[in-house]
Amino acid sequence: QAQLVESGGGLVQPGGSLRLSCEASGIIYSINAMGWYRQAPGKQRELVAHLSSDGSSKYADSVEGRFTISGDNAKNTVTLEMNSLKPEDTAVYYCHAVVMTTKVDYWGEGTLVTVSS
């Protein structure tokens, strides 16, 4: 059974750092891209960062320069390093993977990140 398992969320003070990790398993076909989305209370889910299998990455303007995405194609893992966290970064963060061969998107269950003093 295909699944994405996230880890690393929690409570951090403004200006602090957190690392989110995600591992995909049970996906037969090659994953073309992995990334992170987030959803804050009362808001729509939005892209945070995206990493393609060719190594290209994309970031939301709000996190550019503060967050860094990295991954391991062989292990089907993706990591999000979050620095200089702000209260507005508070959200549930979801790991995402896409397989172009089957046109299927996979989602993790989400991990809560709370930035508060």
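Refer to the structure above for everything that follows.
Heads up: these notes are all about the structure in this document. Predicted model, so just to flag it, every value in this text is computed and none were measured.

## A few points about the pattern of salt bridges
Phase 1: Taken as a whole and assessed by the stated rule, the structure comprises four salt bridges.
Phase 2: With a closest N to O distance of 2.5 Å, E81 and R19 form a salt bridge. Highlighted residues: E81 in strand β8 (residues 77–82) and R19 in strand β3 (residues 18–25), separated in sequence by 62 residues.
Phase 3: A relative accessible area of 51% means that R19 is categorised as exposed.
Phase 4: Here R66 and D89 are joined by a salt bridge, their closest N and O atoms 2.8 Å apart. With R66 in the loop between β6 (57–59) and β7 (67–72) and D89 in the loop between β8 and β9 (91–99), this pair connects stretches of sequence that are 23 residues apart. Taken individually, R66 and D89 each receive the classification buried, so the pair is uniform in this respect.
Phase 5: Salt bridges here are not isolated pairs; linked through shared partners, they connect R38, E46, R66 and D89.

## Side note on the side chain of R38
Phase 1: Relative to the elements of secondary structure, R38 occurs in strand β4 (residues 33–39).
Phase 2: R38 sits in the buried class, given a relative accessible area of 6%.
Phase 3: At a separation of 2.8 Å, a polar atom in the side chain of R38 contacts the side chain of E46.
Phase 4: A distance of 3.0 Å separates polar atoms of two side chains, one belonging to R38 and the other to D89.
Phase 5: Aside from chain neighbours lying at most four places away, what touches R38 is Q44, R45, E46, V48, S62, V63, F67, E88, D89, A91, V92 and Y93.

## Some words on the packing of aromatic side chains
Phase 1: Scanning all chains against the criterion turns up one aromatic pair.
Phase 2: Directly above the aromatic system of W107 lies the positively charged group of R45, at a separation of 4.7 Å from the ring centroid.

## Details of the nonpolar core
Phase 1: Counting residues in each nonpolar core, the largest one holds 31 residues, and the members touching the most others are L4, M34, W36, L80, M82 and Y93.
Phase 2: When residues of this core are traced back to their parent elements, those giving at least two are β3, β4, β5 (46–52), β7, β8, β9 and β11 (111–115).
Phase 3: If you tally residues by element for this core, the top one is β9, at five residues.
Phase 4: For Y93, the residues in contact, after removing those within four places along its chain, are E6, L20, W36, Y37, R38, V48, F67, L80, M82, G110, T111 and V113.

What counts as what
Each chain carries its own residue numbering, running from 1 in the written order of its sequence. A pLDDT threshold of at least 70 governs which residues receive local features in this predicted model, and a stricter bar of 80 or more applies before side-chain atom pairs are shown or counted, although totals over entire chains, interfaces and linings include all residues. Processing note: side-chain calculations cover all non-hydrogen atoms of the structure and skip hydrogens and water entirely. For salt bridges, the criterion is a side-chain nitrogen of Lys or Arg within 4 Å of an Asp or Glu carboxyl oxygen. Secondary structure is summarised from DSSP: a helix means a run of H or I of at least four residues, a strand means a run of E of at least two, and numbering begins at the N terminus for each. Only protein chains enter the accessibility calculation, which uses a 1.4 Å probe; a residue is then buried when its area is under 20% of its type maximum, exposed when over 50%, and partly exposed in between. Any N or O atom pair separated by 3.5 Å or less is treated as a polar contact, with the protein-specific requirement of one donor-capable and one acceptor-capable atom, and with residues adjacent in sequence counted only for side-chain atom pairs. Note on definitions: a residue-residue contact is assigned when non-hydrogen atoms from the two residues lie within 4.5 Å. Here a Phe, Tyr or Trp ring, Trp counted by its six-membered ring, pairs with any other such ring whose centre lies within 6.5 Å, and the pair is stacked when the planes are under 30 degrees apart, edge-to-face when over 60, and tilted otherwise. We call a charge positioned over a ring when the NZ of a Lys or the CZ of an Arg lies within 6 Å of the ring centre and within 35 degrees of the ring normal. Buried Ala, Val, Leu, Ile, Met, Phe, Trp, Tyr and Cys residues form a nonpolar core when they are joined through side-chain atoms within 4.5 Å.

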